Amino acid sequence: MSGRLWSVRLHGLLDGATRAVWGLLCLVWLPITAQAQERREREPNSVYAERRAKLAAQVDGPIVLWGFTGREEISQTYIFEQEENFYYLTGHNEEGAGLIILPSGQKRDTANIPSETLFLPAKNSQKEKWNGVRMSPTDPGIEARTGFATVKSFDSDFRIAVENLAKTFPSFYTILPYQKELGGYPHEKAVVEWLQLAAPQAKLKDIRAQIGALRQVKSPGEIAFLKEAIGLTLDSHLEAMKLMHPGLYEYQVAAKMVEVHAWGGSEAEGYAPIVGAGPNSTALHYDKLSRKIEDGDIVVLDVAAQYAGYSADITRTIPANGKYTARQREIYDIVLGAQNAALAALKPGMDFCSKGDKNVHKVAYNYINSHGKDLHGKALGIYFIHGLGHHIGLNVHDAGDHCTPFQPGMVITIEPGIYIPEENLGVRIEDDVLLAESGYKLLSERLPRDPDAIEKIMSEGTSARERGEKGAARGNISSNETSADIVDIRSLIEKYAKSVDAADTTLAAEVWLDSPDVSFIHPLGHEHGFEQIKQNVYTRLMGETFSERKLSVHDVSIHVFGDAARAEFYWDFAAKFGKNGSPFTTHGRETQLYQREQGRWRLVHVHYSGMPATGELQGF
């Protein structure tokens, strides 16, 4: 379940004259409105080209698409984010672009026309002074950067290209508007109206379903991005569990979760955060976040990160005071049982459809309806008021028909819920699932669903918070200093992980104290001094043994004691051996000691523990 707020960029377009006036005002008064969302990574150009080729093989006329223009709204807070289908086919995340793809295998007079063309806005140095550098068709090497052999000017060449193609092709494909709000109707309507003027004789056909069918099955790159988004989301939920206590406001919990996402590299949330306490737990897309959380409240946390444009969607329901009441536990256990029943039935060939006997929604509904009662003795099925799940991807409610059988490579949510307004009691448990050849993989497995495990995490959070409050009361350290120190050390841990990934001794030097006193304990030996650590750990082990490395850190705990600090966390390490490219994965627990010198924190000691036993050349 998500609380995505559909941007007002989709809710209306100004007429031409008004738009021109507002455009001038924007240049004068609103210099930051066209800022583009900085996506952390993208897939290789070859992946986008392959998608375009698959689409070209399915049509008998040109495909004509626009990206968003960057003029969808004029708010100071607006940050441009590309239209999803356009991004899926191009990987281009800047304003004002167009795309034409010709059908493959057509025997028409198109010998001198490129099979695909990307159209970009002309270079505008004056506008770039305000909004930063943008790609243009005249940039050196623009073809290699974009993956298109032909890149032309949207302003001067796009309409001419459409008009010329209309002389040869009787039909064009584009995305025809939904007759409902959530389809991006105003943008799609504007493109259709423009095409009808540029090619008045052409018949327009809808390409939405074909693109949607491609988007349902994720590429390896898309799955990797989703895993990143899910990992950050799990981190934020764990932080929320540790933080949660009566007296907080819903918006404070959401703010902490958003902070965790941002520190981890998320460029945005996948949707507007939902933190609903007490009566607000029964509102599916509650977004006010204004309630003060009270003792005895149940709290629904539906908050998720976006990474590289791909959105997770995770929900947990936790007790405000760290202990479920008997009734809260009863309803929670029913929802958890329904989710487990649906997961047990989940495999390729099943679906979300309301018809037939392969419907996982029916499995969850039947479980809920046969377990427990409301206060009036009625079955609880009537309180399961939404679908069981949906696809995730570039949109948190990604392309995917509910009645399409599940296939390997699809990534979906499984999210049963019970919402009883009369009892101020709403429970939803939502996880992200990758369909495999013979079953599924629970991508969000690291975040506990068991209520006992959740209560344990919350109890540990309460104990840590109380220890910190007692320390502050004794005057050991101010809470403001502690908070700032923790932020600094988290940043160093992030750099530490990146230095391992890249075997980068320069970056490592920004983290480690350059001293013969620093130490590094791991199964291959006890390294003394930063120079020895650089040679043995970074250069030889990381740089020479492995050709690729990825160190992922989670469940970080930091304790500050004056000018000393201890950080503890768990990690996952994935690599490939340089000799033969064979994969290697392991995991463990790490303790780090930091020292503050001249106001700056530096790493002085690392100790690994809790690692699995490894054979020769299999250790880290």
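Bear in mind the structure is a predicted one, so any value in this text is a computation, not a measurement.

### Comments concerning the overall build of the protein
The helix and strand inventory of the protein stands at 16 helices and 23 strands. The 620 residues of the protein split such that 51% are buried. Carbon and sulfur atoms make up 53% of the accessible area of the protein, which totals about 27800 Å².

### A word on the pairing of strand β21 (residues 564-577)
Where strand β20 (residues 546-561) and β21 come together, 13 bridges link them in antiparallel fashion. Counted as the bridge partner of K550 is A574 from β21. Sheet topology note: the β21/strand β22 (residues 583-597) ladder contains 13 bridges and is antiparallel. By the bridge assignment, R566 is partnered in β22 with L593.

### Quick word on the packing of helix α9 (residues 220-243) against helix α10 (residues 250-264)
Interaxial distance between α9 and α10 falls to 9 Å at its minimum, and their mutual angle equals 145°. In this structure, α9 meets α10 at a crossing whose hand is right-handed. Of α10, the residues touching α9 (which contributes L232, T233, D235, S236, H237, E239, A240 and L243) are Q252, V253, K256, M257, V260, H261 and G264. Split by residue class, the contact of α9 with α10 holds six nonpolar, six polar and three charged.

### Overview of the sheet that holds strand β9 (residues 298-302)
Judged by pairing direction, the sheet is antiparallel, and its three strands sit side by side in the order β8-β9-β12 without closing on themselves. Taken across any chain shown, the strands that pair with only one partner, and hence form the sheet edges, are β8 (274-277) and β12 (315-319). Neighbouring strand axes in the sheet, compared pairwise and without regard to direction, differ in orientation by 15° on average. Inspection of the sheet shows β8 paired to β9 by four bridges, in the antiparallel sense. Looking at β9, one finds that V275 is bridged to L301. Sitting on the sheet, α10 is in contact with β8 and β9, with an inclination near 150° to β8.

Cut-off values and rules
- Residues numbered from 1 in each chain as written.
- Predicted model: local features only at pLDDT ≥ 70, side-chain atom pairs only at ≥ 80, totals over all residues.
- Heavy atoms only, no water.
- Helix = DSSP H or I, 4+ residues; strand = E, 2+ residues; numbered from the N terminus.
- Buried < 20%, exposed > 50% of the residue type's maximum accessible area, 1.4 Å probe, protein only.
- Areas by Shrake-Rupley, 256 points an atom, 1.4 Å probe, with all protein chains shown as cover.
- Pairing = 2+ DSSP bridges.
- Axes fitted to C-alpha atoms, helices over the stretch in contact; angles between N-to-C directions.
- Left-handed = near helix turned anticlockwise from the far one by under 90°.
- Contact = heavy atoms within 4.5 Å.
- Nonpolar A, V, L, I, M, F, W, Y, C, P; charged D, E, K, R; others polar.

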